[in-house]
Amino acid sequence: MSVAQVDADLDPLEPTLQPILEQTSLRWIFVGGKGGVGKTTTSCSLAIQLSKVRESVLLISTDPAHNLSDAFNQKFGKEARKVDGFDNLSAMEIDPSGSIQELLESADGAGAAGNPLGGVMQDIAFSIPGVDEAMSFAEVLKQVKSLSYSVIIFDTAPTGHTLRFLQFPTVLEKALGKISQLSGRFGPMLNGILGAQGAPQMEEMMQKMESMREVIGEVSKQFKDAELTTFVCVCIAEFLSLYETERMIQELNSYHIDTHSIVVNQLLFPTQGSTCDYCNARRKMQKKYLEQIEELYEDFNVVKIPMLTEEVRGGEKLRNFSEMLVKPFEPPAEN
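Predicted model, so just to flag it, every value in this text is computed and none were measured. Residue numbers run consecutively from 1 along every chain, following the written order of its sequence. In keeping with the model being predicted, local features are shown solely for residues with a pLDDT of at least 70 and side-chain atom pairs are shown and tallied solely at 80 or more, while totals for entire chains, interfaces and linings include all residues. Excluded from the side-chain calculation are hydrogens and water; included are all heavy atoms of the structure.

A closer look at the overall build of the protein chain
Here comes step 1: For the protein chain, the helix and strand inventory stands at twelve helices and eight strands.
Here comes step 2: For each residue, the accessible area found with a 1.4 Å probe, counting protein chains only, is set against the maximum for its type, and the residue is called buried under 20%, exposed over 50%, and partly exposed in between. Expressed as a percentage of its 335 residues, the buried residues of the protein chain come to 49%.
Here comes step 3: Throughout, a residue-residue contact means that at least one pair of heavy atoms, one from each residue, lies within 4.5 Å. Look at the contacts in the protein chain between residues 6 or more apart in sequence, and 78% of them connect residues 24 or more apart.
Here comes step 4: Areas reported as accessible are Shrake-Rupley estimates using a 1.4 Å probe. Residue values count occlusion only from the protein chains shown. When the accessible surface of the protein chain is summed, it comes to about 15,800 Å², and 51% of that surface belongs to carbon and sulfur atoms. Runs of E in the DSSP output that reach at least two residues are strands. Runs of H or I that reach at least four are helices, and both are numbered from the N terminus.

Section: the packing of aromatic side chains
Here comes step 1: Any pair of Phe, Tyr and Trp rings, taking the six-membered ring for Trp, is counted once the centres come within 6.5 Å. Such a pair is stacked with planes under 30 degrees apart, edge-to-face with planes over 60 apart, and tilted for the rest. As enumerated under the stated definition, the model contains nine aromatic pairs in all.
Here comes step 2: Centre to centre, the rings of Phe30 and Phe223 are 5.1 Å apart; their planes meet at 90°, and the pair counts as edge-to-face. One end of the pair, Phe30, is in strand S1 (residues 28-33); the other, Phe223, is in helix H9 (residues 168-223), with 193 residues separating them in the sequence.
Here comes step 3: Residue classification places Phe223 among the buried positions, given a relative accessible area of 2%.
Here comes step 4: Looking at Arg27, its charged tip hangs above the ring of Trp28, at a distance of 5.2 Å from the centre. Lysine NZ or arginine CZ positioned within 6 Å of the ring centre and within 35 degrees of the ring normal marks a charge as sitting over the ring.

Quick look at helix H2 (residues 39-53)
Here comes step 1: For H2, which comprises 15 residues, the first-to-last C-alpha distance of 21 Å matches the rise-based estimate of 21 Å (1.5 Å per residue) to within 8%.
Here comes step 2: Within H2, 13 of the 15 residues are buried, leaving the element largely enclosed by the surrounding structure. An expected span of 1.5 Å times one less than the residue number is assigned to each helix.

As for the sheet that holds strand S6 (residues 229-236)
Here comes step 1: Following DSSP output, two strands are said to pair if at least two bridges run between them. In space, the eight strands of this open sheet follow the order S3-S4-S2-S5-S1-S6-S7-S8, with mixed pairing throughout. Strand pairing shows two members of the sheet lacking a second neighbour, strand S3 (81-82) and strand S8 (301-306), which therefore form its edges.
Here comes step 2: In the sheet, strand S7 (residues 261-267) pairs with S8 via five bridges, with the strands oriented parallel. Bridge pairing in S8 places Ile262 opposite Val302.

Observations regarding unusual backbone geometry
Here comes step 1: Unlike most non-glycine residues, Asn73 shows phi in positive territory, near 55°.
Here comes step 2: In this fold, Asn73 is placed in the loop between helix H3 (68-72) and S3.
Here comes step 3: Within the chain, Gln266 stands out as a residue other than glycine whose phi angle is a positive 60°.
Here comes step 4: By relative accessible area, Gln266 is classed as partly exposed at 28%.

Regarding the packing of H2 against helix H12 (residues 315-326)
Here comes step 1: Each axis is a line fitted through C-alpha atoms, and for a helix only the stretch in contact is used; angles between axes span 0 to 180 degrees, taken between their N-to-C directions. Where H2 meets H12, the closest approach of the two axes is 8 Å, and the angle between their N-to-C directions is 80°. In terms of orientation, H2 lies roughly perpendicular with respect to H12. Side by side, H2 and H12 meet where Thr41, Thr42, Cys44, Ser45, Leu46, Ile48, Gln49 and Lys52 of the first sit next to Gly315, Leu318, Arg319, Phe321, Ser322, Glu323, Leu325 and Val326 of the second.
Here comes step 2: Residues were grouped as follows: Ala, Val, Leu, Ile, Met, Phe, Trp, Tyr, Cys and Pro as nonpolar; Asp, Glu, Lys and Arg as charged; and all remaining residues, including Gly, as polar. In the contact of H2 with H12, the residues fall into seven nonpolar, six polar and three charged. When an angle is under 35 degrees it counts as roughly parallel; over 145 it counts as roughly antiparallel; between 65 and 115 it counts as roughly perpendicular; any other value is oblique.

Thoughts on the pattern of salt bridges
Any two side chains of opposite charge can pair, so long as their charged atoms come close to each other.
Here comes step 1: We define a salt bridge as a side-chain nitrogen of Lys or Arg found within 4 Å of a carboxyl oxygen belonging to Asp or Glu. By the definition in use, this model includes seven salt bridges.
Here comes step 2: Of the charged contacts, one joins Glu294 and Lys304 as a salt bridge, the two residues approaching to 2.5 Å between their closest N and O atoms. A residue pair is termed long-range when its members are at least 10 positions apart, and Glu294 in helix H11 (residues 277-296) and Lys304 in strand S8 qualify at ten residues.
Here comes step 3: Among the residues examined, Glu294 registers a relative accessible area of 24% and is labelled partly exposed.
Here comes step 4: Residue Lys304 is classed as partly exposed on the basis of its relative accessible area of 28%.
Here comes step 5: For Lys317, the salt bridge goes to Glu310, with nearest N and O atoms at 3.7 Å.

Concerning the state of the cysteines
Here comes step 1: Put simply, a disulfide is two cysteine sulfurs that come within 2.5 Å. Under the definition given, this model contains one disulfide.
Here comes step 2: The disulfide partner of Cys276 is Cys279, and the gap between their sulfur atoms is 2.5 Å. In this structure the cystine formed by Cys276 and Cys279 twists about its S-S bond by roughly 70°; its chirality is therefore right-handed.
Here comes step 3: The class for Cys276 is partly exposed, based on a relative accessible area of 28%.
Here comes step 4: Sulfur of Cys235: no disulfide; nearest cysteine sulfur belongs to Cys233 and is 7.9 Å away.

By themselves, these observations are geometric and do not establish any function.
Set out below in structure tokens:
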């Protein structure tokens, strides 16, 4: 069913991310899509717009490429840092390859040479598929839990990694639950092996894991609450990107994560009478896929962004780009 066929009582949604700015209950916003479609530019720009209406905004990159530093022309790391030119916008870059080993070694001496505790618990932990990747979320939580932000935006890795990343609350809950269960069953035996020195270390580590499991369980519930969490899909008007977007939206629905916004980047709008065969041919192809997007996602806010003549880098250019997320772009008349 096309937009034109939508019931008269159900007007098509506006091509803007303004509803996200107006939804003041939102706590978590994910921005994701296929590699190279402009996720980082979109997430940075959305963060800039949110900084106008929210008390404090945190932008987190979980992409190994760490493009936030390039986008803002400012170095970011694993600690939240204010973005130059903004009083209430901070950014940080998390390494998604974070390992559970860091948690296992967090109890003093747990991973020290000669102490079998670290090795035993690592063997148990790594027996659960996906737990190593899921531990990157623990790194995020350590930062976010101790800081107070009214909204947090994730600039995520390309689609496949993002979908695994969004599974982390469930995976990590199961992993920590299994470790806790096994600890209860084999704790006395391990205490005998570790002796008086190792037993307190194991107890301390298990307390940390249990505390983390409770936090992750609560965040997992928040992710499934449309009042608190939403996902912004970024794509370009090409077959593979459209395919990836459809797969991602289906999986997000299966995780019960709200998504109702799509940003379509890099659209060509040749000037009337243009003799550029390449431009006109590409515009024709993009128009076909854009029509498919509008038909498939008639209940989404579909934002159309034109192909720009220069890179969007630095605060000023990002500010300009951000305006197109909230003020619908008016393309020139078609040939």
